[in-house]
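# Analysis of the macromolecular model
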Amino acid sequence: MKASITPTNQQHQIADTDFIVSKTDLQGRITYANRIFMQISQYAESDLLGTQHNIVRHPDMPRGVFKYLWQELKQQQEFFGFVKNLCADGSYYWVFANITPDLGPDEQVKGYYSVRRQAPASAIQVIAPLYAEMCAIEQRAGSKEGANKSIAHLEQFLAEHNSSYRDLVLQLYKN
Ligand SMILES: Cc1cc2nc3c(=O)[nH]c(=O)nc-3n(C[C@H](O)[C@H](O)[C@H](O)COP(=O)(O)O)c2cc1C
């Protein structure tokens, strides 16, 4: 289903009162999706459950961002970031995402959960060109080295702004 989606320029806004919530297992397969997630992404619950979360991955998202996301989660850190997601009809929405390890009673990580809300337009103005440059670097470098090279570009951008990805994202979200 995913391979046949052609991205369009139609953007959806998430209402201030709405939260997109999903849970995954350790491999990123969806185990829970709330109604808002189904509505905005235009998938039925049966399409989402058991499916990799990359079902909503947009081609404008750099691989380097997801590499960083999984590095954070594997170290039991929570991830904050801006993500552009693809809907079933090719439209898209930008979110401010918070992904957290889901600990069981034995303190072991049994999966992850994510809460997403509308990304401010002012933040998208900064992040979209940065991600576009990262995607261009990945295309030039090819699949083997792409993510590392685009992360290097992200790190250089952050050094120039004297910030970490997390601080930049939280700053942009608050502004
Ligand atoms: C709880 C959780 C939520 C996630 N949410 C998203 C999301 O909204 N959009 C997205 O593209 N990837 C999301 N991911 C990351 C995907 O699992 C995947 O790494 C990413 O889409 C890149 O997929 P690919 O490397 O297979 O292309 C999430 C992962 C987890 C663990």
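Structure: see above.
Parameters at a glance
Residues numbered from 1 in each chain as written. Predicted model: local features only at pLDDT ≥ 70, side-chain atom pairs only at ≥ 80, totals over all residues. Heavy atoms only, no water. Near = heavy atom within 4 Å. Polar contact = N/O pair within 3.5 Å; in protein donor to acceptor, adjacent residues only side chain to side chain. Areas by Shrake-Rupley, 256 points an atom, 1.4 Å probe, with all protein chains shown as cover. Helix = DSSP H or I, 4+ residues; strand = E, 2+ residues; numbered from the N terminus. Nonpolar A, V, L, I, M, F, W, Y, C, P; charged D, E, K, R; others polar. Core = buried A, V, L, I, M, F, W, Y, C linked by side-chain atoms within 4.5 Å. Buried < 20%, exposed > 50% of the residue type's maximum accessible area, 1.4 Å probe, protein only. Contact = heavy atoms within 4.5 Å. Axes fitted to C-alpha atoms, helices over the stretch in contact; angles between N-to-C directions. Parallel < 35°, antiparallel > 145°, perpendicular 65-115°, else oblique.

Attention now goes to the site of the ligand. Taken together, 14 residues form the shell around the ligand, and within it Asn 54, Arg 57, Trp 70, Asn 85 and Arg 116 come nearest. Separating a nitrogen atom of the ligand from a side-chain N or O atom of His 53 is a distance of 3.3 Å. Contact distances for the ligand include 2.7 Å between a nitrogen atom and a side-chain N or O atom of Asn 85. The fraction of the free accessible surface of the ligand (610 Å²) that becomes covered by protein chains is 85%. Contributions of two or more residues to the shell around the ligand are made by helix H3 (63-74), strand E3 (79-86) and strand E5 (109-118). Residues of the shell around the ligand, tallied by class, amount to seven nonpolar, five polar and two charged.

So, on to the nonpolar core. The biggest cluster of nonpolar side chains holds 48 residues, and the ones touching the most others in it are Phe 82, Tyr 93, Tyr 131 and Tyr 165. Looking at this core, the element that brings in the most residues is helix H4 (residues 121-160), giving nine residues. Filtering out sequence-adjacent residues up to four positions away, Tyr 165 remains in contact with Val 65, Tyr 68, Phe 79, Phe 80, Gly 81, Phe 82, Tyr 131, Leu 154 and Leu 158.

Here we take up the packing of H3 against H4. For the pair H3 and H4, the least separation of the axes is 8 Å and the interaxial angle reads 70 degrees. In terms of their interaxial angle, H3 and H4 are classed as roughly perpendicular. Of the residues in H4, those in contact with Arg 63, Gly 64, Val 65, Lys 67 and Tyr 68 of H3 are Tyr 131, Met 134, Glu 138, Gly 142, Ser 143, Gly 146, Ala 147, Asn 148, Ser 150 and Ile 151. For the contact of H3 with H4, the residue count by class is six nonpolar, six polar and three charged.

Another aspect to go through is the side chain of Ser 91. Summarising the element assignment, Ser 91 is placed in the loop between E3 and strand E4 (92-103). We classify Ser 91 as buried; its relative accessible area is 0%. At 2.8 Å, the side chain of Ser 91 forms a polar contact with the side chain of His 12. A polar atom in the side chain of Ser 91 sits 2.5 Å from the side chain of Asp 89.

The next point concerns the side chain of Asn 85. For Asn 85, the position within the fold is in strand E3. Of the residues examined, Asn 85 reaches a relative accessible area of 5% and is grouped as buried. Contact partners of Asn 85, with chain neighbours within four places excluded, come to Val 56, His 58, Ser 91, Tyr 92, Tyr 93, Val 95 and Arg 116.

Purely geometric numbers; function is a separate question.
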